[in-house]
Amino acid sequence: MSDSFVAGLREWIKIPSIGVDPAHRVDVQRSAEWLAAQLSEDGWPEIQIWDHGPALPAVYACWPAVDPQAPTVLVYGHHDVQPVDPLDRWHHPPFEPVTSGDELRGRGASDDKGQVAMHLLAVKAHLAATGQNAPSVTLKLFVEGEEESGSPHLRKLLEDHRQDLVCDLVVFTDTALHERDAPTVNTGQRGVLGGEITFFGGADDVHSGRAGGAIPNPATALAKLIAALHSDDGRIALPGFYEDVREPSTQERADYAELPFDEQKWLAHNGGGAQALAGEPGYTTLERIWVRPTAEVNGLSSGYTGPGLKTIIPATATAKISFRLVPDQLPEKVADQLREFVAKHTPPGIRAEVSFRGEGVPPYAISPDDPANATVKEAMELAFDQPVRFARAGGSGPAAVLQAWLGVPLVYLGATLPDDRVHAPNERVVVPLLLKGAEAAAHLWRMLPERLTR
């Protein structure tokens, strides 16, 4: 079964379903059609491609349980992939997957085609293990085609297909383990809000010798605002920013502390080669990146940046900024806090504009004590044959949107690694981990009817 699983995943990876690139829209359609054909081959009785609205093609499937009274579980994933730039950093063509030892390498191998395929394999394994011709829970699959674009039409899809997506539990696939030898169950993701701050001075750049010292400089004013964004101890200075921040549970912090973590190794592999750790006092590095909010400057632009010197006072200065949010922070409230902060730090003679990219992504977390979450942990321990601890994800995704619209608990079940180089050249997935993830999901479908109340 594993050989055919890898062969099928290789075929899917060959389709360059880069949803953010209009030139690849036809490939996103081909990717959806490939998945639909695979589901049909596997025996799923109901399969649809949702491609009649503004969203890129999504795939929906349903397999009713052997017992009509069994709970319904919706598995969420995505089949669009990230762009491949910079192409010259790849060791092989990104859409010509290669096998190296127990790794399968190619764009989408980990994020998220590998994990969606893992759940397809789990259904076949579950049916083989139980001898049934239908799963123990009614399974629904929802695989969207726009996650890498920020899921801009997800709410519309959920609204248009609300009846199709009715369920008792959501299982979110786009998630990773802590380490290969330290499997974890994710209990949440941070939200994100991104935007721009632009300071306007005069209508044009001016000669610094003729006007310098007599008019405000937008670049200098913006630099002062950016410097004021954090206090000296690293806390974010927006008014009321920490009012809604929910602390992790004692159980979660204890689990984080027991996870293996080498700070220097992490700096080299995950910190972009940074020379030292920094951040909010009173929290470990894992807590800073999982359960604490952040404010980061993503880019600064102003004036002349070409070769040589051009002595001007720039007319404008812009900062791109993003916030990672934690439960129970709301993107719209943080947006208001930023506007208030900018207004306070805009000097006379400068006009400020604050804009945001979309409405932001809310954070999400589920209690480790939730019955469905505890069942995922037990299923993972059966598959991996070792203790499994709880963790969080520092990145963002549509978990909170799915949970809010569908009104049911959402849990995470994935089997990739933080160093799979997703969103980067030379993406890979460790195949034995996917097989263990499929085993865990197969256990989960067997266990949930007794654990999950409809």
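Just so you know, these numbers come straight off a predicted model, no measurement behind them. Each residue is numbered by its place in its chain's sequence as written, counting from 1. Given that the model is predicted, a residue must reach a pLDDT of at least 70 before its local features are reported, and side-chain atom pairs must reach 80 or more before they are shown or counted; all residues, however, enter totals for whole chains, interfaces and linings. Excluded from the side-chain calculations are hydrogens and water; all other atoms, namely the structure's heavy atoms, are used.

Participant: Give me the packing of helix α11 (residues 371–384) against helix α13 (residues 431–451): which residues, what numbers.
Facilitator: For any two helices packed against each other, one specifies the inter-axial angle together with the distance between the axes. All axes are obtained by fitting lines to C-alpha atoms, using only the stretch in contact for helices, and the reported angles, taken between N-to-C directions, cover 0 to 180 degrees. Secondary structure is summarised from DSSP: a helix means a run of H or I of at least four residues, a strand means a run of E of at least two, and numbering begins at the N terminus for each. Look at α11 against α13: their axes get within 8 Å of each other, and the N-to-C directions meet at 135°. When the axes of α11 and α13 are compared, the pair comes out oblique. Both α11 and α13 take part in a crossing whose hand is right-handed. Contacts between α11 and α13 involve Pro 371, Thr 375, Val 376, Glu 378, Ala 379, Met 380, Leu 382, Ala 383 and Phe 384 from the first element and Leu 433, Lys 436, Gly 437, Glu 439, Ala 440, His 443, Leu 444, Arg 446, Met 447, Leu 448 and Arg 451 from the second. Angles below 35 degrees are treated as roughly parallel, those above 145 as roughly antiparallel, those between 65 and 115 as roughly perpendicular, and all remaining angles as oblique. In this scheme the handedness of a crossing depends on how the near helix is turned from the far one: anticlockwise by less than a right angle means left-handed, clockwise means right-handed. In this description, contact between two residues means that some pair of their heavy atoms is separated by no more than 4.5 Å.

Participant: Tell me what's going on with the side chain of Asp 168, and back it up with residues and numbers.
Facilitator: Of note, Asp 168 is situated in the loop between α4 (154–160) and β7 (169–172). Any pair of nitrogen or oxygen atoms within 3.5 Å is treated as a polar contact; in protein, a donor-acceptor pairing is required on top of that, and neighbouring residues in sequence qualify only through side-chain atoms on both sides. Of the polar contacts made by the side chain of Asp 168, one reaches the backbone nitrogen of Thr 72; its length is 2.8 Å.

Participant: A description of the packing of helix α3 (residues 113–130) against α13 should follow, citing residues and the corresponding values.
Facilitator: Close contact between α3 and α13 brings their axes to 8 Å; oriented N to C, the two are set at 50°. Taken together, the axis directions place α3 and α13 in an arrangement best described as oblique. As α3 packs across α13, the resulting crossing turns out to be right-handed. On the side of α3, the interface is formed by Gly 114, Gln 115, Met 118, His 119, Leu 121, Ala 122, Val 123, Ala 125 and His 126, while α13 contributes Leu 434, Leu 435, Gly 437, Ala 438, Ala 441, Ala 442, Trp 445 and Arg 446. Note on residue categories: nonpolar means Ala, Val, Leu, Ile, Met, Phe, Trp, Tyr, Cys or Pro, charged means Asp, Glu, Lys or Arg, and polar means any other residue, Gly included. In terms of residue class, the contact of α3 with α13 is built from eleven nonpolar, five polar and one charged.

Participant: So what's going on with the sheet that holds strand β14 (residues 351–356)? Residues and values would help.
Facilitator: The four strands lie next to each other as β11-β13-β9-β14, forming an open sheet whose pairing is antiparallel. The open sheet has two edge strands with one neighbour each: β11 (294–302) and β14. When the angles between neighbouring strand axes are averaged without regard to direction, this sheet yields 20°. As paired strands, strand β9 (residues 191–200) and β14 are joined by six bridges and run antiparallel to one another. Of the residues in β14, the one forming a bridge with Thr 198 is Glu 353. Paired strands are those between which DSSP finds at least two bridges.

Participant: So what about the UniProt feature "domain: Peptidase M20 dimerisation" (unreviewed entry) in the chain? Which residues, and what values?
Facilitator: UniProt positions are given in the numbering used here, feature names are shortened, and annotations may be inferred rather than shown by experiment. Per the UniProt record, "domain: Peptidase M20 dimerisation" (unreviewed entry) is found at residues 187–348. Secondary structure over residues 187–348 splits into 31% helix and 22% strand, and the C-alpha atoms at its two ends are 46 Å apart.

Participant: Now, about the pattern of salt bridges: what can you tell me, with residues and values included?
Facilitator: Each salt bridge in this description consists of a side-chain nitrogen of Lys or Arg and a carboxyl oxygen of Asp or Glu lying within 4 Å of one another. Taken as a whole and assessed by the stated rule, the structure comprises 25 salt bridges. We note a salt bridge from Arg 155 to Glu 359, for which the minimum N-O separation is 3.2 Å. Of this pair, Arg 155 sits in helix α4 while Glu 359 is found in the loop between β14 and β15 (364–365), placing the two residues 204 residues apart along the sequence. For the exposure calls, accessible area comes from a 1.4 Å probe over protein chains only, and a residue counts as buried if that area is under 20% of its type's maximum, exposed if over 50%, partly exposed in between. A relative accessible area of 53% means that Glu 359 is categorised as exposed. Between Glu 243 and Lys 333 there is a salt bridge, and its shortest N-O distance comes to 3.6 Å. Of this pair, Glu 243 sits in the loop between α6 (218–228) and α7 (250–258) while Lys 333 sits in helix α10 (residues 331–344), and the two are 90 residues apart along the sequence. By relative accessible area, Glu 243 is classed as exposed at 59%. If you follow the salt bridges from partner to partner, you end up with Glu 103, Arg 105, Asp 419, Asp 420 and Arg 428 in one network.

Participant: Please set out the packing of aromatic side chains residue by residue, giving values where relevant.
Facilitator: Centres within 6.5 Å make a pair out of two Phe, Tyr or Trp rings, where for Trp the six-membered ring is used; the pair is then stacked when the planes are under 30 degrees apart, edge-to-face when over 60, and tilted otherwise. Tallied over the full model, the rule gives twelve aromatic pairs. Between Trp 44 and Trp 63, the aromatic rings sit 5.6 Å apart at their centres with planes inclined by 65°, giving edge-to-face as the arrangement. Placement of Trp 44 in the loop between α2 (25–42) and β1 (46–50) and of Trp 63 in strand β2 (residues 58–63) is noted, with a sequence separation of 19 residues between them. Of the two residues examined, Trp 44 and Trp 63, each falls in the buried class. Only when the NZ of Lys or the CZ of Arg is both within 6 Å of the ring centre and within 35 degrees of the ring normal is a charge said to sit over the ring. Directly above the aromatic system of Tyr 242 lies the positively charged group of Arg 235, at a separation of 3.9 Å from the ring centroid. Arg 351 extends its terminal NZ or CZ atom over the ring of Phe 200, reaching a point 4.2 Å from the ring centre.

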